[in-house]
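Structural description and commentary
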Amino acid sequence: MGTNSQVTTAMETENDVPAPAQFSDDTAVCIASVKGLKENWQKWSSEHQEYQKHNPFSHDTRPSVVVPQRGQDDYGRPLQGSMTEQRGKDAHTHISREVEELCEVIKNIGEPRDKDGDGGGCDGKVTTVEFGKLFEHYVTISNKLVGILLRARKQKLVDFEGEMLWQGQDDRVVITLLQ
């Protein structure tokens, strides 16, 4: 029995493992890197768990999850300072530039006309172009002409009849640059 107690004592003192300096250099690097990997994994794991506590789409039912309700300012918006918010801002800037570029193309290839108002002509002039002509010129710039036209109409920069424009079918539809 005395032998078993000595074995138990030897097993309990695993903290007395020889220092890495006693091993070869490759073994010491391996022990240190595994320890570093474990620490990095634990750090990532706890950060992810904390993030999931605030994620309204996770299946976490803890009361710390605050889901914005309709009517609140942050409803349907990404978290302040998040990468999602930055990507949204970048996309908005890109689309705004494309709308401005479309307006410039309409100014360059369009024809100035009087606004169809009361016939007095005092409302000023507008620039108009047919969709077919615009499509031929703009297709070398971007393949998203109709989407950009819809965005420009939503911003009240251009006007045209119909909800959607189709190549060939709507080539004679007049697009009016309002500003």
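Residues numbered from 1 in each chain as written. Predicted model: local features only at pLDDT ≥ 70, side-chain atom pairs only at ≥ 80, totals over all residues. Heavy atoms only, no water.

Some remarks on unusual backbone geometry
Inclusion rule: Secondary structure elements follow DSSP: runs of H or I of four or more residues count as helices, runs of E of two or more count as strands, with numbering from the N terminus.
Positive phi outside glycine occurs at Lys156, with the angle close to 60°. Take Lys156: it is sitting in the loop between helix H5 (145-154) and strand S3 (158-159).

Some remarks on the packing of aromatic side chains
To keep it simple, the criterion reads: Aromatic pairing here means that ring centres of Phe, Tyr or Trp (its six-membered ring) are within 6.5 Å. Orientation follows from the plane angle: under 30 degrees is stacked, over 60 is edge-to-face, and everything else is tilted. In our convention, an over-ring charge means Lys NZ or Arg CZ found within 6 Å of a ring centre and within 35 degrees of that ring's normal.
All told, the structure shown has two aromatic pairs when counted by the stated rule. Their ring planes at 55° and their centres at 5.8 Å tell us that Phe131 and Phe135 sit as a pair that is tilted. Taken together, the residues Phe131 and Phe135, both in helix H4 (residues 131-138) and four residues apart, mark about one turn of the helix. The positively charged end of Arg153 is found above the aromatic ring belonging to Phe160, 4.2 Å away from the centroid.

Some points on the sheet that holds strand S2 (residues 125-130)
Applicable threshold: Strands were regarded as paired on the criterion that DSSP finds at least two bridges between them.
Spatial strand order, S1-S2-S4-S3: four strands in an open sheet with antiparallel pairing. Of all the strands in the sheet, just strand S1 (111-114) and S3 have a single pairing partner and so form its edges. Pairing geometry for S2 and strand S4 (residues 174-177), over four bridges, is antiparallel. Among the inter-strand pairings, Glu130 is bridged to a residue of S4, identified as Val174.

What about the pairing of S2?
Relative to S2, S1 runs antiparallel, the two sharing four bridges. Across the sheet, residue Pro112 finds its bridge partner in S2, namely Thr127.

A look at the side chain of Thr176
Just so we agree on the cut-off: Partly exposed describes any residue whose relative accessible area lies between the buried limit of under 20% and the exposed limit of over 50%, with all areas from a 1.4 Å probe on protein chains only and scaled to the type maximum. The contact rule is simple, with two residues in contact once any of their heavy atoms fall within 4.5 Å.
Mapped onto the secondary structure, Thr176 falls in strand S4. On the basis of relative accessible area, Thr176 is assigned to the buried category, the value being 18%. Aside from chain neighbours lying at most four places away, what touches Thr176 is Val126, Thr127, Thr128, Leu157, Val158 and Asp159.

Overview of the side chain of Thr128
Condition: Between N or O atoms, a polar contact is any pair within 3.5 Å; within protein, one atom must be a potential hydrogen donor and the other a potential acceptor, and residues adjacent in sequence are included only when both atoms are from side chains.
Position of Thr128 among the secondary structure elements: in strand S2. At a separation of 3.4 Å, a polar atom in the side chain of Thr128 contacts the side chain of Arg113. Those residues within four positions of Thr128 in sequence are excluded, and the remaining contacts are Gly110, Glu111, Arg113, Val174, Ile175 and Thr176.

Re the packing of helix H3 (residues 83-109) against H4
Helices that pack against each other are described as a pair by the angle of their axes relative to one another and the distance between those axes. Selection criterion: Whenever a helix is involved, its axis is fitted only over the stretch in contact; in every case the axis is a line through C-alpha atoms, and angles between N-to-C directions fall within 0 to 180 degrees. Each crossing gets its handedness from the near helix: less than a right angle anticlockwise from the far helix is left-handed, clockwise is right-handed. Three classes are used, and their members are as follows: Ala, Val, Leu, Ile, Met, Phe, Trp, Tyr, Cys and Pro are nonpolar, Asp, Glu, Lys and Arg are charged, and the others, Gly among them, are polar.
One can describe the packing of H3 onto H4 by two numbers: an axis separation of 11 Å at closest approach and a directional angle of 115°. Seen from above, H3 lies across H4 with right-handed handedness. Residues Glu98, Leu102, Val105, Ile106 and Ile109 of H3 pack against Lys133, Leu134, His137 and Tyr138 of H4. Its residues assigned to classes, the contact of H3 with H4 shows six nonpolar, one polar and two charged.

A closer look at the confidence of the model for the protein chain
Threshold: For every residue, the predictor states its confidence as a pLDDT score lying anywhere from 0 to 100.
For the protein chain, the mean per-residue pLDDT works out to 79, and 73% of the residues sit at or above 70. Confidence over residues 5-13 falls short of pLDDT 50; this stretch has zero contacts with residues more than four positions distant or in other chains. Note that residues 117-121 has pLDDT below 50 and, in this model, one contact with residues that lie over four places away or in other chains.

Remarks on the pattern of salt bridges
Put simply, the test is: When a carboxyl oxygen of Asp or Glu is within 4 Å of a side-chain nitrogen of Lys or Arg, the pair counts as a salt bridge.
With the rule as written, the count across this model stands at six salt bridges. In this structure, Glu130 and Arg172 form a salt bridge, with 3.3 Å as the shortest nitrogen-oxygen distance. Highlighted residues: Glu130 in strand S2 and Arg172 in the loop between S3 and S4, separated in sequence by 42 residues. Look at Glu130 and you get partly exposed, because its relative accessible area is 32%. The exposed category is assigned to Arg172, whose relative accessible area is 67%.

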